[in-house]
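Coordinate inspection notes
Take a look at the letters that make up each chain.
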Amino acid sequence: MASKQKILSVICLLSGAMVWGLIWYPYRALNNMGVGGELSTLLSYVTAMVLGLLFLGPIWRELRVAGWLSLALMASAGWTNVGYVLAMLDGEVMRVLLLFYLAPLWTVFFSYWLLGEKLNYYGYAIIALSLGGAFVMLWDTQHGLPLPQSQAEWIGLSAGVSFALMNVIVRRAQHLSVNFKAASIWLGTILFTTVLLLYQGNFIAQLHSIPLDAWWLLLLIGLVLCAISFVLQYGLTYMPANQAIVLFLSELVFAAVSAYFLAEEEMGLREVIGAVLIVSASLLSGKCTPLHEK
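Here is a short report on the structure shown in this document. All residue numbers refer to positions counted from 1 along the written sequence of the respective chain. For a predicted model such as this one, the threshold for reporting local features is a pLDDT of at least 70, and the threshold for listing and counting side-chain atom pairs is 80 or more; totals across whole chains, interfaces and linings nevertheless cover every residue. Side-chain descriptors were evaluated using all non-hydrogen atoms of the structure, hydrogens and water having been removed beforehand.

For soluble globular proteins, nonpolar side chains are generally found buried alongside one another. To define a nonpolar core, start from buried Ala, Val, Leu, Ile, Met, Phe, Trp, Tyr and Cys residues and group those joined through side-chain atoms within 4.5 Å. Partly exposed describes any residue whose relative accessible area lies between the buried limit of under 20% and the exposed limit of over 50%, with all areas from a 1.4 Å probe on protein chains only and scaled to the type maximum. Counting residues in hydrophobic clusters, the biggest one holds 84 residues, and the most contacted among them are Tyr27, Leu97 and Trp186. Contacts were defined at the residue level, with two residues in contact if any of their heavy atoms lie within 4.5 Å. Sequence-distant contacts of Trp186, defined by excluding residues within four places in its chain, comprise Tyr45, Ala48, Met49, Gly52, Leu56, Leu225, Cys226, Ser229 and Phe230.

Together, Tyr25, Val253, Val257, Tyr260, Phe261 and Leu262 give the surface a local cluster of nonpolar side chains, amounting to about 620 Å² of exposed area. Leu262 sits in the partly exposed class, given a relative accessible area of 44%. Surface patches are drawn from residues lacking salt bridges whose relative accessible area is over 30%; two like charges belong together within 9 Å, two nonpolar side chains (Val, Leu, Ile, Met, Phe, Trp, Tyr) within 5 Å. Only the protein chains shown count as covering a residue, and every accessible area follows the Shrake-Rupley method with a 1.4 Å probe. When a carboxyl oxygen of Asp or Glu is within 4 Å of a side-chain nitrogen of Lys or Arg, the pair counts as a salt bridge.

The subject of this paragraph is the layout of surface pockets. Here a cavity denotes grid points, spaced 1 Å and computed from the protein atoms alone, that fit a 1.4 Å probe unable to get out, and a pocket denotes an open set having protein on both sides within 12 Å along at least 5 of 7 lines; residues with an atom within 4 Å of a point are the lining. Grid points are joined across faces, edges and corners, and a volume is the space filled by probe spheres set on the points. Counted as a void, the largest pocket has a volume near 160 Å³. Elements represented by at least two residues in the lining of the largest pocket include exactly α4 (63-90) and α9 (178-200). Nonpolar residues are Ala, Val, Leu, Ile, Met, Phe, Trp, Tyr, Cys and Pro. Charged residues are Asp, Glu, Lys and Arg, and all others, Gly as well, are polar. Along the lines of polarity and charge, the residues of the lining of the largest pocket split into 9 nonpolar, 2 polar and no charged. Put simply, DSSP H or I for four residues or longer makes a helix, DSSP E for two residues or longer makes a strand, and each gets a number counted from the N terminus.

On to the packing of aromatic side chains. Stacked, edge-to-face and tilted are the three classes for Phe, Tyr and Trp ring pairs, Trp counted by its six-membered ring, which pair at centre distances within 6.5 Å; planes under 30 degrees apart are stacked, over 60 edge-to-face, the rest tilted. Using the criterion set out here, one finds 6 aromatic pairs in the structure. Taking the centre distance of 5.7 Å and the plane angle of 75 degrees together, the rings of Tyr84 and Phe100 count as edge-to-face. Residue Tyr84 is located in helix α4, and its partner Phe100 is located in helix α5 (residues 93-100); the two are separated by 16 residues in the primary sequence. Residues Tyr84 and Phe100 agree in their burial class; the two are buried. Cluster of aromatic residues (ring-pair linked, three or more members): Trp20, Tyr84, Phe100 and Phe163.

It is worth spelling out empty space enclosed by the protein at this point. The final tally for this structure, using the stated rule, is 2 cavities of 30 Å³ or more. If you add up the space inside the largest cavity, you get close to 220 Å³. Lining the largest cavity we find 18 residues, and of these Trp20, Asn81, Phe163, Met166 and Leu232 sit closest to its centre. The set of elements that each furnish at least two residues to the lining of the largest cavity consists of α4, α8 (151-172) and α11 (212-237). No other element matches α11, which puts 6 residues into the lining of the largest cavity. Of the residues in the lining of the largest cavity, the class split is 13 nonpolar, 4 polar and 1 charged.

Here we come to helix α3 (residues 37-56). Between the first and last C-alpha of α3 there are 27 Å, a value that for 20 residues agrees with the 28 Å anticipated at 1.5 Å per step. Counting buried residues in α3 gives 14 out of 20 residues, a clear majority hidden from the surface. Where α3 terminates, the next one or two residues include Gly57, which has phi positive at roughly 80 degrees. In a helix, the anticipated span is given by 1.5 Å times the number of residues less one.

Now for unusual backbone geometry. If you check the backbone angles, Asn202 has positive phi at about 60 degrees while not being a glycine. Looking at the element boundaries, Asn202 is found in the loop between α9 and α10 (203-208). In this structure Asn202 comes out as exposed when scored by relative accessible area, which is 61%. Phi at Glu264 is positive, roughly 55 degrees, even though this residue is not glycine. Since its relative accessible area comes to 71%, Glu264 is described here as exposed.

Moving on: the pattern of salt bridges. Enumeration according to the criterion identifies 2 salt bridges in this entry. Between Glu265 and Arg28 there is a salt bridge whose closest N-O contact spans 3.7 Å. Here Glu265, found in the loop between α13 (250-262) and α14 (269-285), pairs with Arg28, found in helix α2 (residues 24-32); they are 237 residues apart in sequence, far enough to count as distant. Taking the shortest distance from any N to any O, the salt bridge between Glu153 and Arg95 comes out at 2.6 Å. Separated by 58 residues along the polypeptide, Glu153 in helix α8 and Arg95 in helix α5 bring together distant segments of the chain. With respect to class, Glu153 is no different from Arg95; both count as buried.

What follows is about the packing of α3 against α11. Here an angle of 0 to 180 degrees is reported between the N-to-C directions of two axes, which are lines fitted to C-alpha atoms, with helices fitted over the stretch in contact. α11 packs onto α3 with a crossing angle of 50 degrees between their chain directions and a minimal axis gap of 7 Å. The orientation of α3 with respect to α11, classified from their angle, is oblique. Here α3 and α11 pass one another in a crossing that is right-handed. Of the residues in α11, those touching α3 at Ser40, Leu43, Ser44, Tyr45, Thr47, Ala48, Leu51, Gly52 and Leu56 are Trp215, Leu218, Leu219, Ile221, Gly222, Leu223, Leu225, Cys226 and Phe230. The residue makeup of the contact of α3 with α11, split by class, is 13 nonpolar, 5 polar and no charged. Roughly parallel covers angles under 35 degrees, roughly antiparallel covers those over 145, roughly perpendicular covers 65 to 115, and oblique covers all other angles. A clockwise turn of the near helix away from the far one marks a right-handed crossing, whereas an anticlockwise turn of less than a right angle marks a left-handed crossing.

Put into structure tokens, the structure is as follows:
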């Protein structure tokens, strides 16, 4: 990888981490305006896709070579984005994010399965640290089971699994352009949220009840999502999946600061210890060099 390309990839991934460390707040603001998580996710991603189509070019030409990877990318990205928003609306920001950032654990397995990257000593250490961090953070003093303690935390955990899968798929699908990958992520999110809203019912009534101020905020979020999708896909395409996870860790910093000042959330001792272990696992993931099996 050329030095200039690598530096640009790092900048792209750090920019994406900053956006995702802060974007929970406008979604909570929309929820307070009466726009639920599923609807706000759908409308913001529809906006992102409409804006993005103006710059994507003839991506339909890639459909003939997209194959199953494009479907897997849409599915994983769809739940990653929907799950992230839903979990952040109802859960504690940092607990949800720490569960989300168990992603290095899942990345080790997905990288082995889809990329042929060997599990070296660092990989085993990542597994141990990730599970140890989750165990400490989630230990229930009454039941003793180290499991997520709310629906939001379960959603955050599952979204992290999808996030890890999405990163690995983006890395594997080198034959697809950044534009096609960005469109797949938007479309996957739109399809996921549409199904959820149709299942819930009253979709049209929810649309009519959206206040004008919320529409402006949705437009702004959609614009940011459109721009950051291109930025992230570039970074993920040219950065090994395990190293990309490390750079995404900066999202925890942005989220921790914003949660403290905007939501008055503070982490307890168990959360801090769990965070140290999970962050250590993510830092070690950068040591997992992409060695492939013969």
